[in-house]
Amino acid sequence: MVLLKPDAVSRGLCGEVIRRFEQRGLIIAGMKMLKVSPQQAKRHYQEHVGKPFYPDLIDYITSGPVVALAVKGNQAVKVLRTMMGATNPVDALPGTIRGDFATQMENNIIHGSDSLNNATRELDIFFSKEEIYE
Ligand code: RTP
Ligand code: MG
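Residues numbered from 1 in each chain as written. Chains lettered and ligands numbered in written order. Predicted model: local features only at pLDDT ≥ 70, side-chain atom pairs only at ≥ 80, totals over all residues.

S.K.: Lay out unusual backbone geometry in plain terms, naming residues and giving numbers.
M.R.: Located in the positive-phi region is Q75, a residue other than glycine, with phi close to 50 degrees. By the element assignment, Q75 lies in the loop between β3 (66–72) and α5 (76–84). Backbone geometry at I109 places phi at a positive 75 degrees, although glycine is not the residue there. Along the polypeptide, I109 turns up in the loop between α6 (97–101) and β4 (110–112). (Helix = DSSP H or I, 4+ residues; strand = E, 2+ residues; numbered from the N terminus.)

S.K.: Report on the sheet that holds strand β1 (residues 2–4), specifying residues and quantitative values.
M.R.: Sheet strands pair by backbone hydrogen bonding; their relative direction is either parallel or antiparallel. Within the open sheet, the four strands sit side by side as β2-β3-β1-β4. Their pairing is antiparallel. Both edges of this open sheet fall to β2 (27–34) and β4, since each of them pairs with a single strand only. Mean inter-strand twist for the sheet, computed between neighbouring axes without regard to direction, equals 15 degrees. With three bridges connecting them, β1 and β3 associate as antiparallel partners. (Pairing = 2+ DSSP bridges. Axes fitted to C-alpha atoms, helices over the stretch in contact; angles between N-to-C directions.)

S.K.: Before we move on, could you go through the site of ligand 1 and cite the residues and values that matter?
M.R.: All residues adjacent to ligand 1 are F53, L57, T87, M105, N108, H111, G112 and D114. By residue class, the composition of the shell around ligand 1 is three nonpolar, four polar and one charged. (Near = placed C-beta within 6 Å. Nonpolar A, V, L, I, M, F, W, Y, C, P; charged D, E, K, R; others polar.)

Any functional reading would require information that these geometric values do not contain.
In structure tokens, the structure reads:
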């Protein structure tokens, strides 16, 4: 599960990022624009509750529309995480999405699930079964 975060949407980077996924051979099985509600944000980032950056993270992800993507493909979690680059864009290599389009941890363009379990959990927050296609 990928979220193109509010900064990706406001900067007009969604097409570029989706193009990269398609070009790589990943399959977009679901896609929607939405404003993340506080409830969805808290479910999505439950593992970060209590961390110092948590309040800012919730503010950021709910600050404007995002694009949610259900992405399938061979080893999709690993491939996506590699394409995204390091969490802190300062450390992200050129050629990665964060390495090419971001410099700030607080505005790092994209979220990608870090495991299959979390991908399933997160898809359930943003998509109904009928919204994901074979
Ligand atoms: P994401 O969940 O967004 O795909 O990012 P990630 O797995 O690479 O990083 P994670 O540790 O899950 O952190 C989630 C998001 O929280 C913000 N963050 N800020 N200031 C900080 O120390 C800090 N650490 C994390 C980032 O926006 C990160 O993407
Ligand atoms: Mg994460």
